[in-house]
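Working through the structure, step by step
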Amino acid sequence: MAKRWYVIHTYSGYENKVRTNLLHRIESMGMQGKIFDVAIPTEMVTDIKEGGRRITTEKKVFPGYILVQMELDDESWYVVRNTPGVTGFVGSQGKPVPLSRDEYRSIMKRTEAGPRAKTTIEFAEGMNVKVTHGPFAEFDGTIAEVNLDKSTLKVMVTIFGREAPVELSFDQVAKV
């Protein structure tokens, strides 16, 4: 039998607890020769909060799922399947299907990449904002465009009775 990676479905939010429970079961039941590793793929994500504060946090790549490297047989299946918090293996027609090497590498590459450019922001087109920094400080405006790549906003600001587009960085505005 070959060591393969399998995807296990868990209760969402209990991935770490399931991993701990499974590691204890592997040890207590002497399954180290059949179940080799338990991984929770995570990645670093930078969120831009109000006022431009950047907060980098570790987030699960697949909430509700963990990866287990094992030789699949009835005994190892039983140990994993009956671990508290495990709801089942991912596969078709009730049979666990292992990840291909390419799938596994693709998942693990995301975890090793360092902080991702993936950014969530609290700004959206049509949202009213107040400019907090720069030459237009204290002006109110409406977001006309969000550019995630450049971390900028096009804000329509009323100047001298006319609306004018102003390009601002995320940290130059605050939600009204």
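Residues numbered from 1 in each chain as written. Predicted model: local features only at pLDDT ≥ 70, side-chain atom pairs only at ≥ 80, totals over all residues. Heavy atoms only, no water.

**Notes on the overall build of the protein chain**
When you go through the protein chain residue by residue, the secondary structure sums to three helices and 14 strands. Oriented by its inertia axes, the alpha-carbon framework of the protein chain measures out at about 75 × 30 × 25 Å. Counting every position in the protein chain, which comprises 176 residues, the buried fraction comes to 34%. Taking as baseline every contact in the protein chain between residues at least 6 positions apart, the subset at least 24 positions apart corresponds to 59%. Of the roughly 10,700 Å² that the protein chain leaves accessible, carbon and sulfur atoms contribute 50%. One finds the centroid of the 24 positive side-chain charges in the protein chain at a distance of 3 Å from the centroid of its 23 negative side-chain charges. (Helix = DSSP H or I, 4+ residues; strand = E, 2+ residues; numbered from the N terminus. Buried < 20%, exposed > 50% of the residue type's maximum accessible area, 1.4 Å probe, protein only. Contact = heavy atoms within 4.5 Å. Areas by Shrake-Rupley, 256 points an atom, 1.4 Å probe, with all protein chains shown as cover. Lys, Arg positive; Asp, Glu negative; His and termini not counted. Charge placed at Lys NZ, Arg CZ, Asp CG, Glu CD.)

**Quick look at the pattern of salt bridges**
Scanning the model with the defined rule gives six salt bridges in all. Across the pair aspartate 73 and lysine 34 runs a salt bridge whose closest N-O atoms are separated by 2.6 Å. Pair noted here: aspartate 73 is in the loop between strand E5 (65–70) and helix H2 (74–81) and lysine 34 is in the loop between helix H1 (15–28) and strand E2 (35–39), with a separation of 39 residues, a long-range link. Given a relative accessible area of 23%, aspartate 73 falls into the partly exposed group. We note a salt bridge from lysine 130 to aspartate 140, for which the minimum N-O separation is 3.1 Å. In this pair, lysine 130 sits in strand E10 (residues 128–131) while aspartate 140 sits in strand E11 (residues 140–147), placing the two residues ten residues apart along the sequence. On the basis of relative accessibility, which here comes to 29%, the residue lysine 130 falls in the partly exposed class. (Salt bridge = Lys/Arg side-chain N within 4 Å of Asp/Glu carboxyl O.)

**So, the packing of aromatic side chains**
Tallied over the full model, the rule gives five aromatic pairs. With a centroid separation of 4.7 Å and an interplanar angle of 10 degrees, the aromatic rings of tryptophan 5 and tyrosine 104 are classed as stacked. In this pair, tryptophan 5 sits in strand E1 (residues 4–10) while tyrosine 104 sits in helix H3 (residues 101–112), placing the two residues 99 residues apart along the sequence. According to the relative accessible area criterion, tyrosine 104 is partly exposed, its value standing at 22%. Residue placement shows lysine 3 over the ring face of phenylalanine 36; its charged tip is 4.8 Å from the ring centre. (Phe/Tyr/Trp six-rings, centres within 6.5 Å; stacked < 30°, edge-to-face > 60°. Lys NZ or Arg CZ within 6 Å of the ring centre and 35° of its normal.)

**Describing the side chain of glutamine 172**
Position of glutamine 172 relative to the elements: it lies in the loop between strand E13 (162–169) and strand E14 (173–175). On the accessibility criterion, glutamine 172 (19% relative accessible area) is buried. At 3.5 Å, the side chain of glutamine 172 forms a polar contact with the backbone oxygen of histidine 133. Not counting the four nearest positions on each side in its chain, glutamine 172 is found in contact with Lys130, Val131, Thr132, His133 and Gly134. (Polar contact = N/O pair within 3.5 Å; in protein donor to acceptor, adjacent residues only side chain to side chain.)

**Quick notes on the pairing of E5**
Burial within E5 is extensive, with five of its six residues counted as buried. In terms of strand pairing, E1 meets E5 through six bridges, oriented antiparallel. Looking at the pairing, isoleucine 8 lines up with isoleucine 66 of E5. Pairing of E2 with E5, which is carried by four bridges, proceeds in the antiparallel orientation. Each bridged residue has a counterpart across the sheet, and for aspartate 37 the counterpart in E5 is glutamine 69. (Pairing = 2+ DSSP bridges.)

**Points about the nonpolar core**
Ranked by internal contacts, the top residues of the largest apolar core, which has 16 residues, are Ile8, Leu22, Ile35, Ile66, Val68, Met70 and Val80. Where this core is concerned, the elements lending two or more residues are E1, H1, E2, E5, H2 and strand E6 (86–89). Those residues in contact with methionine 70 that lie beyond four places of it in its chain are Ala2, Lys3, Arg4, Tyr6, Lys34, Ile35, Phe36, Ser76, Trp77, Val80 and Phe89. Ranked by size, the runner-up nonpolar core spans twelve residues in total, among them Phe123, Val131, Leu168 and Val173. (Core = buried A, V, L, I, M, F, W, Y, C linked by side-chain atoms within 4.5 Å.)

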